[in-house]
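Structural features, examined
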Amino acid sequence: MSEKKIELHNMDPVEIFGVNDRLIIRLSGYFPKLKIIARGNAVALKGSDKDIAGFERALERLIELRHRKRSLSIDDVDSIFETQQQETPAPGKESDIIVYGNDGKVVRARTKNQKKLVAEYYRHDLIFALGPAGTGKTYTAIALAVRALKNREVKKLILTRPAVEAGERLGFLPGDLKDKLDPYLQPLYDALMDMIPSQKLKQYMEEGVIQIAPLAYMRGRTLESAFVILDEAQNTSLGQLKMFLTRMGENAKFIVTGDATQIDLPNKEDSGLIKGISMLKSIRGISIINFTKEDIVRHPLVCKIVKAFEKEEESALPGASGAAASKTASAETSETAASKTASES
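All figures in this text were calculated on a predicted structure; none of them were measured in a lab.

**Describing the overall build of the chain**
- Across its full length, the chain holds 12 helices and 11 strands.
- Looking at the 345 residues of the chain, the share that counts as buried comes to 43%.
- Of the contacts formed within the chain by residues at least 6 apart in sequence, a portion of 71% connects residues at least 24 apart.
- For the chain, the exposed surface amounts to about 19000 Å²; the carbon and sulfur share of it is 52%.

Here it is in structure tokens:
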């Protein structure tokens, strides 16, 4: 058992300890085995050397944060430990961890292209993540967005999808506009609820820090200091895709996800995703990542299901063998172009 006394110099202790010591009490909660007494401008500590050292590091970070902000809050105390968790990842998979979710859940990049998406985040402000269902495109993108929000890299997180029905008609469901739109957006809520405590998520949404809305609601906005994800982009027209991409403001990160094999538009030719990528792929600063069946991380049957549907669709085409060869060549050309774009950037 060790003892140590830490004194604050040249600053009002209330700025660090909080009114009625509420900040130091919150800080103490992270060190349940450490006896902590705050008096005047000093803190007396009694406990293990490890806990004392950990408390000192946390207090130093809090003081550094106070120098950058006018005042501190409970959330600032919590953010210190969220950051520390991310900086102390599980052994063996350090570089793969993206964020720590609820109940200590570790959210990590699990496949080659998920890891590529994480790496490209640091190099590009606009990323297209394309590929079949179950590859973790959206989930990985949302994990990156939550991490950016927790690390204060951005001020808000905006998730959007086109409100296009996947074979069902939801327009006659009871309820107000939000009730009718929520079914389209539920997959985004599900991912967020894995990574942010429900009360915190509710608070963020009430304050507008996290926004989930149909694509049409993006028109006319300029999205600055924001992490923005467009999901199910295969259901956008070329005009809608242009509208979305031109919302990008200063210090913004955009990720667009989509699967060209699951277009739900009445006329599949109206999808603007592939056309848009073809137009944009040579622009420096844009990255295109093609997820494949090998990236599928859902139930093992999902990969087999995707393969079966692909085989059936290919065999149903006139001149199936020629079409399959053409499709393979096209995919290889697309991947080569994407790699070239990334290397040029």
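**Considering the packing of aromatic side chains**
- The full count for this structure, using the stated rule, is 4 aromatic pairs.
- When the ring of Tyr121 is compared with that of Tyr122, the centres are 5.1 Å apart and the planes differ by 75 degrees; the resulting orientation is edge-to-face.
- Given the relative accessible area of 5%, Tyr121 is considered buried.
- Considering the side-chain rings of Phe244 and Phe254, the 4.9 Å spacing of their centres and the 40 degrees angle between planes classify their relative orientation as tilted. Taken together, the residues span a long stretch of sequence, with Phe244 in helix α9 (residues 238-245) and Phe254 in strand β10 (residues 253-258) at a distance of 10 residues.

**A short note on the side chain of Asn235**
- As for its placement among the helices and strands, Asn235 is situated in the loop between β9 (226-230) and α9.
- Of note is the side chain of Asn235, whose polar atom sits 2.6 Å from the backbone nitrogen of Asp264.

**Observations regarding the nonpolar core**
- Core analysis: the biggest nonpolar cluster contains 37 residues, and Ile142, Leu192, Ile210 and Phe227 have the highest contact counts within it.
- The greatest single-element share of this core, amounting to 8 residues, is contributed by helix α6 (residues 137-150).
- Not counting chain neighbours up to four residues away, the residues in contact with Phe227 comprise Tyr121, Ala141, Leu144, Ala145, Ala148, Val154, Lys156, Leu157, Ile158, Lys253 and Ile255.

**Topic: the sheet that holds strand β3 (residues 42-47)**
- Spatially, 3 strands are ordered β1-β3-β2 in an open sheet, and the strand pairing comes out antiparallel. In the strand order of this sheet, the two ends are held by β1 (2-7) and β2 (35-39), each with one partner. Recorded for the sheet is a direction-independent mean angle of 15 degrees between the axes of neighbouring strands.
- Two elements, β2 and β3, share 5 bridges in a ladder whose sense is antiparallel. If you follow Ile37 over to β3, its bridge partner there is Ala44.
- The strands that helix α3 (residues 49-68) touches are β1, β2 and β3; relative to β1, the one it contacts most, it runs at about 15 degrees.

Criteria and thresholds
- Residues numbered from 1 in each chain as written.
- Predicted model: local features only at pLDDT ≥ 70, side-chain atom pairs only at ≥ 80, totals over all residues.
- Heavy atoms only, no water.
- Helix = DSSP H or I, 4+ residues; strand = E, 2+ residues; numbered from the N terminus.
- Buried < 20%, exposed > 50% of the residue type's maximum accessible area, 1.4 Å probe, protein only.
- Contact = heavy atoms within 4.5 Å.
- Areas by Shrake-Rupley, 256 points an atom, 1.4 Å probe, with all protein chains shown as cover.
- Phe/Tyr/Trp six-rings, centres within 6.5 Å; stacked < 30°, edge-to-face > 60°.
- Polar contact = N/O pair within 3.5 Å; in protein donor to acceptor, adjacent residues only side chain to side chain.
- Core = buried A, V, L, I, M, F, W, Y, C linked by side-chain atoms within 4.5 Å.
- Pairing = 2+ DSSP bridges.
- Axes fitted to C-alpha atoms, helices over the stretch in contact; angles between N-to-C directions.

These figures capture arrangement, not role.
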